[in-house]
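Chain and residue survey
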Amino acid sequence: MLHNKKSFTKGVLLLGSFAVVFVLILTPIFKTDRGVAENGLSYADDLFNKLSKGSSYFIPEVREKIAPIQGAAVDVTIKPKKAELAGAMIALGAKAGLAVAEKAPGELTVRGDLPALLAAAIEDADSMYKNDGAAVQGRRGMDEKEAMTAWWEMLNAMIKPLQKQKLIKEAQGVDLVMRKAIEPAFNFYGIPAQRVLDKAGVLTGLLVFYVVYTLWYGFAIFELFDGVGLSMKKAKAKEEV
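Keep in mind that what you see is a predicted model, and the values were worked out from it rather than measured. (Residues numbered from 1 in each chain as written. Predicted model: local features only at pLDDT ≥ 70, side-chain atom pairs only at ≥ 80, totals over all residues. Heavy atoms only, no water.)

Counting 46 residues, the largest nonpolar core has Leu-117, Trp-151, Leu-155, Met-158 and Val-177 as the members making the most contacts within it. Contributing elements (two or more residues each) for this core: helix H3 (59-65), strand E3 (73-78), helix H4 (86-95), strand E5 (107-113), helix H5 (114-129), helix H7 (144-164) and helix H8 (168-187). Per element, the largest residue contribution to this core is ten residues, and it comes from H7. In contact with Val-177, not counting residues within four places along its chain, are Val-62, Ile-66, Leu-118, Ala-121, Ile-122, Leu-155 and Ile-182. (Core = buried A, V, L, I, M, F, W, Y, C linked by side-chain atoms within 4.5 Å. Buried < 20%, exposed > 50% of the residue type's maximum accessible area, 1.4 Å probe, protein only. Helix = DSSP H or I, 4+ residues; strand = E, 2+ residues; numbered from the N terminus. Contact = heavy atoms within 4.5 Å.)

In structure tokens:
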């Protein structure tokens, strides 16, 4: 027995139309910049990835911030977590003009000009950010993703040894290159970068749709519950005798 037929009918219509739109969202009818048809979820995910990359280019800032450590020489022993990349790390160090050698199984010594090492890592990160993996392959003689992984592992292993030697600025510079140059370049590799301003209309439309679609579902449930007589009311206060 319906409590309110009008509310129930309204709720059914709202929920039914909500379901229709949901099916459309899951249908590959949305054209991307590449001309490929994707469903709404993939389209939105692709768009937000591109916008995220567009706001994650910190290479010039990183170069500027590590400038004060120019001329700093390092001599540290590191224990990379991925020992299988030791050969790649030795090759990367040699290309940058440093002496990187195996001291013992799982241990490497890194000696030489730290800014030169960081500059080489930043150069590769810049190429990766611009989706130019071939440039990294040509410079390093190895797969571009392997090179970036080796860079990250080597630099990550250098931070604590540098801190123990009281080379705080140098350790901070290494950490900065890892977080703001290597990581964004690796994570967004292969994704075209786009500025938020260039997609402001689409972005605003998606955000507005998200709010409206959420309210749409909420009102549908509210009307359905009202139609069958389910509602929330404030309890009456008990009178004391």
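The description of two packed helices rests on the angle between their axes and on the distance between the axes. Two numbers describe how H7 lies on H8: the axes approach to 9 Å, and their chain directions differ by 160 degrees. For the element pair H7 / H8, the angle class is roughly antiparallel. For the crossing formed where H7 meets H8, the hand is left-handed. In this structure, H7 contributes Lys-145, Met-148, Thr-149, Trp-151, Trp-152, Leu-155, Asn-156, Ile-159, Leu-162 and Gln-163 to the contact, and H8 contributes Ile-168, Glu-170, Ala-171, Val-174, Asp-175, Val-177, Met-178, Ile-182, Glu-183 and Phe-186. The class makeup of the residues in the contact of H7 with H8 is 13 nonpolar, three polar and four charged. (Axes fitted to C-alpha atoms, helices over the stretch in contact; angles between N-to-C directions. Parallel < 35°, antiparallel > 145°, perpendicular 65-115°, else oblique. Left-handed = near helix turned anticlockwise from the far one by under 90°. Nonpolar A, V, L, I, M, F, W, Y, C, P; charged D, E, K, R; others polar.)

Packing of helix H1 (residues 5-25) against helix H9 (residues 200-227) brings their axes to within 7 Å, and their N-to-C directions diverge by 145 degrees. The hand of the H1/H9 crossing is left-handed. Of H9, the residues touching H1 (which contributes Ser-7, Phe-8, Lys-10, Gly-11, Val-12, Leu-14, Leu-15, Ser-17, Phe-18, Val-21, Phe-22 and Ile-25) are Phe-209, Tyr-213, Trp-216, Tyr-217, Phe-219, Ala-220, Glu-223, Leu-224, Asp-226 and Gly-227. Of the residues assigned to the contact of H1 with H9, the class counts are 15 nonpolar, four polar and three charged.

The phi dihedral of Asn-131 is positive, around 60 degrees, even though this residue is not glycine. For Asn-131, the position within the fold is in the loop between H5 and helix H6 (133-140). With a relative accessible area of 32%, Asn-131 lands in the partly exposed category. Phi angles above zero are rare outside glycine, and Lys-166 is one such case at about 65 degrees. Mapped onto the elements of the fold, Lys-166 is located in the loop between H7 and H8. Using a relative accessible area of 70% as the deciding quantity, one classes Lys-166 as exposed.

Counted under the stated rule, the structure contains twelve salt bridges. Residues Glu-61 and Lys-180 are paired through a salt bridge, measuring 3.3 Å at the closest nitrogen-oxygen approach. Of this pair, Glu-61 sits in helix H3 while Lys-180 sits in helix H8, placing them 119 residues apart in sequence. Residue Arg-195 pairs with Asp-198 through a salt bridge whose shortest N-O separation is 3.1 Å. Among the charged side chains, a salt-bridge network with shared partners connects Glu-123, Asp-124, Arg-139 and Arg-140. (Salt bridge = Lys/Arg side-chain N within 4 Å of Asp/Glu carboxyl O.)

Spatially, E3-E5-E4 is the arrangement adopted by the three strands of the open sheet, whose pairing is antiparallel. A single partner strand is all that each edge strand has here, and the edge strands are E3 and strand E4 (99-104). Averaged over all pairs of adjacent strands, the angle between strand axes in this sheet comes to 15 degrees, irrespective of strand direction. When E3 meets E5, the two strands line up antiparallel, connected through six bridges. (Pairing = 2+ DSSP bridges.)

Another aspect to go through is the packing of aromatic side chains. Scanning the model with the defined rule gives six aromatic pairs in all. Pairing Phe-18 with Tyr-213 gives two aromatic rings, centres 4.1 Å apart and planes at 10 degrees, and the pair type is stacked. Pair noted here: Phe-18 is in helix H1 and Tyr-213 is in helix H9, with a separation of 195 residues, a long-range link. Seen in terms of ring centroids, Phe-30 and Tyr-43 are 6.2 Å apart; in terms of plane orientation they differ by 35 degrees. Their pairing is tilted. Of this pair, Phe-30 sits in strand E1 (residues 30-31) while Tyr-43 is found in helix H2 (residues 40-54), placing the two residues 13 residues apart along the sequence. Note on Phe-30: relative accessible area 29%, which makes it partly exposed. Exposure remark for Tyr-43: the relative accessible area of 19% places this residue in the buried category. Through a chain of ring-to-ring contacts, the aromatic side chains of Phe-18, Phe-209, Tyr-213, Trp-216 and Tyr-217 assemble into a single cluster. (Phe/Tyr/Trp six-rings, centres within 6.5 Å; stacked < 30°, edge-to-face > 60°.)

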